[in-house]
Amino acid sequence: LMYSHDTIGLGHMRRNSAIAARIVEQNPRASVLMLVGSPSGIPFALPSGVDYVKLPSLTKVGRALWRPQSLRVSPSDVISLRAALIEQAALSFAPNLFLVDHEPSGVSDELIPTLERLRAEKTEIVLGLRDILDEPKVTLQNWESRGTNEVVKRLYDRIFVYGDESVFASRRVYNLERLKPRKVSSCGYVTSVDGPRKVSTAKPVRARIVVAGGGGRDAFPLLASTLEALASIAPEERPDADIIAGPLMDAELLRPLEKASADIGANFMKSHPDIPALIAEADLFITMGGYNSVIEAVSTGCPTLVVPRIGPSAEQR
């Protein structure tokens, strides 16, 4: 069983999906059920053996502040509904392993009842963290003030860090070994990309760029600025461009981007099933600074311009 709270983007879900795919590849008898909160569900293909439960979606309006994305109910009611669905799914599925991504207590402590029930059932409970969470001082203060440290100590068996200690010393910076002595593992970076791109020796007629902003919820400024810059280049010198808005971008923002793309002959898409394949064939990738976007760019070897999100957390910067 896997849990990811995704609200702004798709990053946590894409990382969990890559892990789930490798689990069922290595063990064909395994089943993985994912609990996801993204408004789009899971917009990419899942292998046999992996399925998901869509939880009512939330919108993050500040650090630790959430409201319903679509339902006309109170924040407390939607959290109660999500908590009940999570607990029932966990009890019915009866997992051997529960892998929780990023939020140890879930949104507004919605995971606590499920964690306590699974602890009583002797289920292995693991917390998976990307290597960079937020400004270290902010993360340490928040985990202490919200009781997250005690939740991890009491209800989790292990912590997996999706990173490399030689790049960013997550265990030391976030004091993780104080929470789980000898139970913190650095797993390396997680991606579905198999390896570096195969560089063609044929000289392209025109350079090609790919522009993407992850899930797209806050990608409009990046895409609009890029299209404006492309429009300023003479047509005969302008590179070919794939503009990928992201499945979570608001409909009213898609229209001006689609028009601006058409005006300069760029290929506009709301989403694409295999962005790493596009990146691998590109001369330049322009993206925001999310974990998956950066790791995929590094994995393919494509030159990349990163424009990090300015908030609400400092993780992308």
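Computed from a prediction, not measured in an experiment: that's the story for all the values here. (Residues numbered from 1 in each chain as written. Predicted model: local features only at pLDDT ≥ 70, side-chain atom pairs only at ≥ 80, totals over all residues. Heavy atoms only, no water.)

Caption draft 1: Structural context of the sheet that holds strand β1 (residues 2–4). Spatially, 7 strands are ordered β3-β2-β1-β6-β7-β8-β9 in an open sheet, and the strand pairing comes out parallel. Edge positions in the sheet fall to β3 (50–54) and β9 (184–186), since each has one partner strand and no second. Between one strand axis and the next, the sheet turns through 20° on average, direction left out of account. Alignment of β1 against strand β6 (residues 97–101), held across 2 bridges, turns out to be parallel. (Pairing = 2+ DSSP bridges. Helix = DSSP H or I, 4+ residues; strand = E, 2+ residues; numbered from the N terminus. Axes fitted to C-alpha atoms, helices over the stretch in contact; angles between N-to-C directions.)

Caption draft 2: Structural view of the environment of R15. Tracing the backbone through its elements, the reader meets R15 in helix α1 (residues 11–26). Look at R15 and you get buried, because its relative accessible area is 1%. For R15 and R171, which are 156 residues apart along the polypeptide, the C-alpha to C-alpha distance reads 20 Å. In this structure R15 touches D101, R130, Y162, V190, Y291 and N292, once residues within four positions along its chain are discounted. Looking at R15, its side chain comes within polar contact range of the side chain of D101, at 3.3 Å. (Buried < 20%, exposed > 50% of the residue type's maximum accessible area, 1.4 Å probe, protein only. Contact = heavy atoms within 4.5 Å. Polar contact = N/O pair within 3.5 Å; in protein donor to acceptor, adjacent residues only side chain to side chain.)

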